[in-house]
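Spelled out from the first residue to the last, the chains are:
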Amino acid sequence: MSDAPLPAYSGPRRILSGIQASGALHLGNYLGALKRFVTLQDQGDPLFVFVADMHAITVWQDPALLAQQTREIAAAYLASGLDPARAAIFPQSAVPQHAELAWIFNCVARLGWLDRMTQFKEKSGKHKERSSVGLYTYPVLQAADILLYKATEVPVGEDQKQHLELTRDIAAKFNNDFSVPGYFPLPDPVIQGPGTRVMSLRDGQAKMSKSDPSDMSRINLTDDADAIANKIRKSKTDLGVMPEIGESLDERPEVKNLIAIYAALSDLGRDQIVAEFAGQGFGAFKPKLAELAVEAMAPITAEMRRLMADPAEIDRVLTAGAEQARDIAAPVVAEVKQIVGFWRA
């Protein structure tokens, strides 16, 4: 269905994204998502940024920690520069229309589409029969998250492109099945910049992840300056030196990753960085990278700690954001129910 002609959606431009409420956030989240959210809010279009707590429970979460993790992600949004006056910041579960629309989309999506989702295969491993149904239908809820607000653009990492393609397929099929051309937009992915896929500091071929058992594999947003510098100093490289201009880095994934991180933090091009450090040892490069990382992360860490010490402030932001989100979501679901043919008094 992805080759179907674009329906004539004529609504406003809207941007939506979110981060799952499971575990501590890290440098990859900041460069791949948070930093980009702030840039997008400055463009003046409606921005919806949620905490994906409903997605989080597709795998077991400690109930005593889940609300705390939701606040921590909201704190990271605010500390990174998101302004509640320009972006609706809210917990996914506080807007019940996410679940309502997801059920309708479960009846629009097809098993064959979900069977092709590579992330389920990766997350479920060899024992998919032990996985929750929620993990399997995760991409359908994700489609509901996006289309509930009729988002036209979604900042995503490379690993989420397939899910966004499914969202487009669901939107197109709904529009076609119920003869409402252009009702839902076919959202476009926003993938740009050197920080869209930050890799592990211990393995340049694995994505930086909060689920990695080694804390040395990532820079947490709550790490202090000493921890950041230490992790970069001990990050894995190889026995060579910094590359020369024009040298391929395909066989040097750890070096390629560190250069990408430097580029994202400095807003310099990778060629400029290579030119500055070409032929030098990592003893010259890593201290400069550590300095950049500390400079970027220290203010965020300090503000996150301040916010986490005042949960009432975070809760006020989440409550206001949820009200704003429901104002948009409720009429959409009411209209979708009418389109589908549900009874109403």
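Before reading further, recall that the structure is shown in the block above.
Keep in mind the model is a prediction, meaning the values are calculated, not measured.

Procedures and definitions
- Residues numbered from 1 in each chain as written.
- Predicted model: local features only at pLDDT ≥ 70, side-chain atom pairs only at ≥ 80, totals over all residues.
- Heavy atoms only, no water.
- Helix = DSSP H or I, 4+ residues; strand = E, 2+ residues; numbered from the N terminus.
- Polar contact = N/O pair within 3.5 Å; in protein donor to acceptor, adjacent residues only side chain to side chain.
- Contact = heavy atoms within 4.5 Å.
- Buried < 20%, exposed > 50% of the residue type's maximum accessible area, 1.4 Å probe, protein only.
- Salt bridge = Lys/Arg side-chain N within 4 Å of Asp/Glu carboxyl O.
- Patch = residues over 30% accessible without salt bridge, like charges linked within 9 Å, V, L, I, M, F, W, Y side chains within 5 Å.
- Areas by Shrake-Rupley, 256 points an atom, 1.4 Å probe, with all protein chains shown as cover.
- Lys, Arg positive; Asp, Glu negative; His and termini not counted.
- Charge placed at Lys NZ, Arg CZ, Asp CG, Glu CD.
- Phe/Tyr/Trp six-rings, centres within 6.5 Å; stacked < 30°, edge-to-face > 60°.
- Pairing = 2+ DSSP bridges.
- Core = buried A, V, L, I, M, F, W, Y, C linked by side-chain atoms within 4.5 Å.
- Arc of directions from axis to C-beta.

**Student:** How should I be thinking about the side chain of glutamine 61 in this particular structure?
**Tutor:** Among the secondary structure elements, glutamine 61 is positioned in the loop between helix H2 (53-56) and helix H3 (63-80). At a separation of 3.1 Å, a polar atom in the side chain of glutamine 61 contacts the main-chain carbonyl oxygen of alanine 56. Once you skip the residues sitting within four places of it in the chain, glutamine 61 turns out to touch Ala21, Ser22, Ala56, Leu66 and Gln69.

**Student:** Looking at this structure, how should I read the environment of proline 331?
**Tutor:** Considering the arrangement of structural elements, one finds proline 331 in helix H13 (residues 311-340). Classification of proline 331 as partly exposed rests on a relative accessible area of 48%. Separated by 106 residues in the primary sequence, proline 331 and alanine 225 place their C-alpha atoms 47 Å from one another.

**Student:** Help me understand the side chain of serine 17 in this model?
**Tutor:** The topology assignment puts serine 17 in strand S1 (residues 15-20). Of the polar contacts made by the side chain of serine 17, one reaches the backbone oxygen of proline 155; its length is 3.1 Å. Those residues within four positions of serine 17 in sequence are excluded, and the remaining contacts are Phe37, Phe48, Val49, Phe50 and Pro155.

**Student:** Explain the pattern of salt bridges to me, please; I cannot follow it from the model alone.
**Tutor:** Opposite charge on two side chains makes pairing possible when the charged atoms of those side chains draw close. All told, the structure shown has 17 salt bridges when counted by the stated rule. Across the pair glutamate 247 and arginine 252 runs a salt bridge, and its minimum N-O distance is 3.2 Å. On the basis of relative accessible area, glutamate 247 is assigned to the partly exposed category, the value being 36%. For arginine 252, a relative accessible area of 12% gives the class buried. Taking the shortest distance from any N to any O, the salt bridge between arginine 306 and glutamate 303 comes out at 2.9 Å. With arginine 306 and glutamate 303 both in helix H12 (residues 282-308) and three residues apart, the pair spans about one turn of that helix.

**Student:** Sorry, what's going on with a positive patch on the surface here?
**Tutor:** A cluster of basic residues, Arg202, Arg233, Lys234 and Lys236, forms a positive patch at the surface. Topologically, lysine 236 is positioned in the loop between helix H9 (225-233) and helix H10 (253-266). Residue classification places lysine 236 among the partly exposed positions, given a relative accessible area of 39%.

**Student:** Quick question: what am I supposed to make of the packing of aromatic side chains here?
**Tutor:** Here a ring pair, both rings aromatic, is described through the centre-centre distance and the interplanar angle of the planes. Under the definition given, this model contains 14 aromatic pairs. On the basis of an interplanar angle of 85° and a centroid distance of 5.1 Å, the ring pair of phenylalanine 120 and tyrosine 136 is categorised as edge-to-face. Pair noted here: phenylalanine 120 is in helix H6 (residues 118-124) and tyrosine 136 is in helix H7 (residues 133-147), with a separation of 16 residues, a long-range link. Phenylalanine 120 sits in the buried class, given a relative accessible area of 13%. Here phenylalanine 174 and tyrosine 183 contribute two aromatic rings whose centre-to-centre distance is 6.3 Å and whose plane-to-plane angle is 40°, an arrangement assigned as tilted.

**Student:** Sorry if this is basic, but what is going on with the pairing of strand S3 (residues 87-91) here?
**Tutor:** Successive side chains on a regular strand alternate, one facing one side of the sheet and the next facing the other. The element S3 is largely enclosed, with a buried count of five among its five residues. Looking at chain direction, strand S2 (residues 47-52) and S3 are connected through five bridges and run parallel. Looking at the pairing, leucine 47 lines up with alanine 87 of S3.

**Student:** What is the right way to read the nonpolar core from this model?
**Tutor:** One broad rule of soluble globular proteins: the nonpolar side chains tend to lie buried together. Of all hydrophobic cores here, the largest spans 61 residues; its most connected members are Leu27, Leu34, Tyr77, Leu82, Leu265 and Phe285. The element that contributes the greatest number of residues to this core is H12, accounting for eleven residues. When neighbours within four sequence positions are excluded, leucine 265 is seen to be in contact with Leu27, Leu31, Lys35, Leu289, Leu292, Ala293 and Ala296. The next biggest cluster of nonpolar side chains, apart from the first, holds 46 residues, and it includes Trp113, Val140, Val154 and Val336.

**Student:** Help me understand helix H4 (residues 97-106) in this model?
**Tutor:** Along an α-helix, a turn takes 3.6 residues, which lines up residues three or four apart on a common side. For H4, the full list of buried residues reads Gln97, His98, Leu101, Ala102, Ile104 and Phe105. Projected down its long axis, H4 shows its buried positions confined to an angular sector of 160°, all on one face.

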